[in-house]
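Letter by letter, the chains look like this.
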Amino acid sequence: MGGSSSKATFATHVQTILERPVDSNDHEFWDELWRTVLTTEEIFEIITPDDVRKLIKDQQENSRVIFTQAIAQLYQVVETPYPIYFPQALNCARVLARLLPFLLESKSHFVHELLWNKKFVKNAQEESKSPAGPDEVQESEPLAVILVNTLFHLLFLPEFTIEDPNVEFSESDIDTPAFKSALMWAPGVGSAEKTVVTSTQFDSNRVDVLRLMTAAFCDSLYQNPDTYDFCQSMWLEVATSVDAPYAEIVFNSLINTVL
């Protein structure tokens, strides 16, 4: 996917964030990083395990910016699903899939704060530079929760991971058989009459999303077995909560795909 010039550009940016802090407002730098779309294999080759560990240890602010911006872009694609942004969203998912296992193996206070602390953000235009008053500040979900919920949505995003059903649904339709059938990846459990549209691009995009989900939900793999509590995975707690979006459709789609 990425030519030699794209790989060189991406590698240069990675080296920069390993060596010095880069301001989150340096939009030219960060935009070029995210727009340099590479394959998963290319990203994993350029960003080595030692690079990720060094980034987390020595450049925590850059780690925060990368993680925050990548999740924000995935969330934005769900909110405004324009195909022109899909390649950039995939780039974000691939970078996160590379970084997340090393974040999860870290025991630092910084990582826990980054993933699980609720944020307080201004409820105003991003360009506004005036201080926020008490009524202008709202609490945001932890980044880890936003990521998990966003990934569930990405698995059923029209023209990204499923064909556009061309049917208007309201919020009250979410639990109806018609809604579930429209989103299902394959016929079988939950949707015997589903017509499958074969698309290598949809399959590829699903794999990218599932790879990131696997990195998050297999957090036990990155922990010391002597101290890890297998009953208290915060990632799985979010993913299996009653309000997890599309949980039943995810389960049925995965089952039907392998049957």
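Residues numbered from 1 in each chain as written. Predicted model: local features only at pLDDT ≥ 70, side-chain atom pairs only at ≥ 80, totals over all residues. Heavy atoms only, no water.

Draft legend 1. Structural context of the packing of helix α5 (residues 60–79) against helix α6 (residues 86–105). Axis separation between α5 and α6 bottoms out at 9 Å; the angle between their running directions is 140°. Viewed along their axes, α5 and α6 adopt a mutual orientation that is oblique. Regarding α5 and α6, the two cross each other, and that crossing is left-handed. Residue-level contacts link Ile66, Phe67, Ala70, Ile71, Gln73, Leu74 and Val77 of α5 to Phe86, Gln88, Ala89, Cys92, Ala93, Val95, Leu96, Leu99, Leu100 and Leu103 of α6. Within the contact of α5 with α6, the residues separate by chemical class into 15 nonpolar, two polar and no charged. (Axes fitted to C-alpha atoms, helices over the stretch in contact; angles between N-to-C directions. Helix = DSSP H or I, 4+ residues; strand = E, 2+ residues; numbered from the N terminus. Parallel < 35°, antiparallel > 145°, perpendicular 65-115°, else oblique. Left-handed = near helix turned anticlockwise from the far one by under 90°. Contact = heavy atoms within 4.5 Å. Nonpolar A, V, L, I, M, F, W, Y, C, P; charged D, E, K, R; others polar.)

Draft legend 2. Layout of the packing of aromatic side chains. Inspection of the entire model under this criterion finds six aromatic pairs. Plain terms: the ring middles of Phe29 and Trp30 are 5.1 Å apart, the flat faces sit at 85° to each other, and that makes the pair edge-to-face. Residue classification places Phe29 among the buried residues on the basis of a relative accessible area of 10%. Note on Phe156 and Tyr246: the rings are 5.6 Å apart at their centroids and 75° apart in plane angle, and the pair reads as edge-to-face. In this pair, Phe156 is assigned in the loop between α8 (143–154) and α9 (177–183) and Tyr246 in the loop between α11 (234–239) and α12 (247–258), connecting sequence segments 90 residues apart. (Phe/Tyr/Trp six-rings, centres within 6.5 Å; stacked < 30°, edge-to-face > 60°. Buried < 20%, exposed > 50% of the residue type's maximum accessible area, 1.4 Å probe, protein only.)

Draft legend 3. Quick peek at the confidence of the model for the protein. In this model, the protein carries a mean pLDDT of 86, and residues with pLDDT of at least 70 account for 86%. In this model, residues 120–137 is a region of pLDDT below 50 whose contacts with residues beyond four sequence positions or in other chains number 16 contacts. (pLDDT = per-residue confidence, 0-100.)

Draft legend 4. Summary view of the pattern of salt bridges. Within the structure shown, the criterion is met by five salt bridges. Note that Arg94 and Asp208 form a salt bridge whose closest N and O atoms lie 3.0 Å from each other. Taken as a pair, Arg94 in helix α6 and Asp208 in helix α10 (residues 200–217) lie far apart in primary sequence, 114 residues in all. When sorted by exposure, Arg94 lands in the same class as Asp208, which is buried. A salt bridge links Asp203 to Arg206, with the shortest nitrogen-to-oxygen separation between them at 3.2 Å. Linking Asp203 with Arg206, this pair stays in helix α10, spanning three residues, or about one helical turn. Look at Asp203 and you get partly exposed, because its relative accessible area is 38%. Judged by relative accessible area, which is 12%, Arg206 ranks as buried. (Salt bridge = Lys/Arg side-chain N within 4 Å of Asp/Glu carboxyl O.)

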